[in-house]
Amino acid sequence: MNTAHLNFIDGAWVTGPSVASNINPSHLDDVIGHYTQAEASHVHLAVDAAQRAFAGWSTSGIQQRSDALDKIGTEILARREELGRLLSREEGKTLPEGIGEVTRAGHIFKFFAGECLRLAGETLPSVRPGIGVEITREALGVIGLITPFNFPIAIPAWKIAPALAYGNCVVFKPADLVPGSGWALADIISRSGIPPGVFNLVMGDGPLIGQALVQHPDIAGISFTGSVGVGRRIAQDCAQLGKKVQLEMGGKNPQVVLDDADLPKAVELCVQSAYFSTGQRCTASSRLIVTEGIHDRFVQAMEARIATLKVGDALASGTDIGPVVSQRQLAQDLSYVAIAQTEGGVLATGGLPTECHTGSKHSGYFMRPALITQTTPEMRINREEVFGPVASVIAVRDYEHALSVANDTEFGLSAGIATASLKHATHFKRHAQAGMVMVNLPTAGVDYHVPFGGRKGSSAGPREQGRYAAEFYTTVKTAYTLA
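Calculation rules
Residues numbered from 1 in each chain as written. Predicted model: local features only at pLDDT ≥ 70, side-chain atom pairs only at ≥ 80, totals over all residues. Heavy atoms only, no water. Phe/Tyr/Trp six-rings, centres within 6.5 Å; stacked < 30°, edge-to-face > 60°. Helix = DSSP H or I, 4+ residues; strand = E, 2+ residues; numbered from the N terminus. Buried < 20%, exposed > 50% of the residue type's maximum accessible area, 1.4 Å probe, protein only. Lys NZ or Arg CZ within 6 Å of the ring centre and 35° of its normal. Patch = residues over 30% accessible without salt bridge, like charges linked within 9 Å, V, L, I, M, F, W, Y side chains within 5 Å. Areas by Shrake-Rupley, 256 points an atom, 1.4 Å probe, with all protein chains shown as cover. Salt bridge = Lys/Arg side-chain N within 4 Å of Asp/Glu carboxyl O. Lys, Arg positive; Asp, Glu negative; His and termini not counted. Charge placed at Lys NZ, Arg CZ, Asp CG, Glu CD. Contact = heavy atoms within 4.5 Å. Polar contact = N/O pair within 3.5 Å; in protein donor to acceptor, adjacent residues only side chain to side chain. Pairing = 2+ DSSP bridges. Axes fitted to C-alpha atoms, helices over the stretch in contact; angles between N-to-C directions. 1 Å grid on protein atoms, 1.4 Å probe; cavity = no way out; pocket = protein on both sides within 12 Å on 5 of 7 lines; lining within 4 Å. Points joined across faces, edges and corners; volume = space filled by probe spheres on them. Nonpolar A, V, L, I, M, F, W, Y, C, P; charged D, E, K, R; others polar.

1. Remarks on the packing of aromatic side chains
Thinking step 1. Counted according to the given criterion, the structure contains ten aromatic pairs.
Thinking step 2. Each ring, one from phenylalanine 8 and one from phenylalanine 199, has its centre 6.4 Å from the other, and the planes form 35°; the classification is tilted. Linking phenylalanine 8 in strand 1 (residues 7-9) with phenylalanine 199 in strand 9 (residues 199-201), this pair joins segments that are 191 residues apart in sequence. Here the two residues phenylalanine 8 and phenylalanine 199 agree in accessibility, since each one is buried.
Thinking step 3. A ring pair is formed by phenylalanine 111 and phenylalanine 112, whose centres lie 5.0 Å apart and whose planes are at 90°; its orientation type is edge-to-face.
Thinking step 4. Phenylalanine 111 gets classed as buried once you look at its relative accessible area, which sits at 17%.
Thinking step 5. A connected cluster of aromatic rings, assembled from ring pairs, spans Phe8, Trp13, Phe172, Trp183 and Phe199.
Thinking step 6. Across from the ring centre of phenylalanine 151, 3.6 Å away, lies the NZ or CZ of lysine 93, which sits over that ring.
Thinking step 7. One residue, arginine 118, lies across the ring of phenylalanine 111, its end atom 6.0 Å from the ring centre.

This is the structure:
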């Protein structure tokens, strides 16, 4: 066995009782590496180290924090092709997508390096004469960060960077399916000049490590991105323990296509939203809500476009859609296709396991993108998150009907509309019940300097990214001074 990659605790690389293999979903016989599995005791060591480091780091100079984050961002960007290849190899998104995600992570660290120097407060007069009031933001404390498999470096970046920028200390738990990108990021952070204990990496079983983080009395806040069920349990535990919580969970994102839409552009943005990154994005459009006048032409054009998509090895040239991340996820995707057909949906195209487009003999978790037509809003395919290359079409009468169906969901992360009507676009932006709205753009894909998050069952707590990240990673202090 090759040497295992270790956990990073209190400035040192720490071994554990066992290791897990990181498998390439494009080539199941390709072992990317072996990664040490932490136990609850390692979580306690990491939190204790972070708690000891907090007093110094939270009051450290802003230039020190800025320089460290800038150094991290610089190394990520310099190694974007190498890290992008690792990301695509372990997660399954295509190489251009992997490199793009790494680039975004580098920019996130660079952005928050600047935010370190822009920490602001307010100075106000008191209603009482001769008294001044200062309102400032201070670091929250030790933060537990739990991240998903689908963006194994960008989501850790947009949690770790603001946490450190505002003076918090971190215990980071990456998804157990994709430890490689998280470990590589930790390796870069370990050389940034950040003091021991400020940043810690614990890899291992999600429920075990996650529960240990949530239950630890010295964890001040939990930022979690993942499934709805796990997120709700974390929210309940944090409420009982008095911890601050930030949750990004599921989505059942609608993409509305009106009769007046530019058909080729509408088809392309729907294909990108539903199927790119193998549909494994919380902002993916899984419900395509199409008005009657364009419905038949839209479905025909979608079938034709999907037929051109090449499914295969994430690293191969020409691949459009990489593998699903795991056998379990592939089984879930296929099961929802079957459920949709049982409930009356028609599988127009795709929805079956497939071989790599290059003709290679290797095994992998490949699936043809599925388009399911003749569905209705109450079907499970339109109520529950699938998280794969599966999209359903819902026919509606007009814009008003489309908006009603779009909002008929327990989720509210992202929503899109394809239309040439300024009236309908403006109305949709205001009345779509989602945290992010796109007009004539894919629902998946947001900038790193603006807030990310949703409504209803998709999110809880303050927004992520941009300056809005301060709402979670800081606490407000009001100080009075008698002149």
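The structure having been displayed, the exposition proceeds.
2. Some thoughts on a negative patch on the surface
Thinking step 1. Where like charges cluster on the molecular surface, the negative patch consists of Asp259, Asp260, Glu292, Asp398 and Glu400.
Thinking step 2. With respect to the helices, strands and loops of the structure, aspartate 398 is situated in the loop between strand 16 (390-396) and helix 12 (399-407).

3. Let's talk about the environment of leucine 288
Thinking step 1. Here leucine 288 shows up in strand 13 (residues 285-291).
Thinking step 2. On a C-alpha basis, the gap between leucine 288 and isoleucine 72 in space is 40 Å, while along the polypeptide they are 216 residues apart.
Thinking step 3. Dropping the residues within four chain positions of it, leucine 288 is found in contact with Gln255, Cys270, Phe298, Met302, Leu371, Ala391, Ser392, Val393 and Ile394.

4. Remarks on the side chain of threonine 225
Thinking step 1. Here threonine 225 lies in strand 10 (residues 219-225).
Thinking step 2. Here the side chain of threonine 225 touches lysine 159 through a polar contact of 3.0 Å, side chain to side chain.

5. Looking at the sheet that holds strand 5 (residues 122-125)
Thinking step 1. Pairing within the open sheet is antiparallel, and its three strands lie in the order 5-6-22. Each of the sheet's edge strands pairs with one partner strand only, and the pair in question is strand 5 and strand 22 (474-482). Direction aside, the axes of adjacent strands within the sheet are offset by 25° on average.
Thinking step 2. Here four bridges tie strand 5 to strand 6 (residues 131-139), and the two strands are oriented antiparallel to one another. From the neighbouring strand, threonine 123 faces strand 6, where its bridge partner is glutamate 134.

6. So, empty space enclosed by the protein
Thinking step 1. The final tally for this structure, using the stated rule, is two cavities of 30 Å³ or more.
Thinking step 2. In this structure, the largest cavity occupies an estimated 90 Å³ of space.
Thinking step 3. Per-class residue counts for the lining of the largest cavity are six nonpolar, six polar and three charged.
Thinking step 4. Within this model, the second largest cavity holds a volume of roughly 60 Å³.
Thinking step 5. A breakdown of the residues in the lining of the second largest cavity according to their chemical character gives six nonpolar, six polar and two charged.

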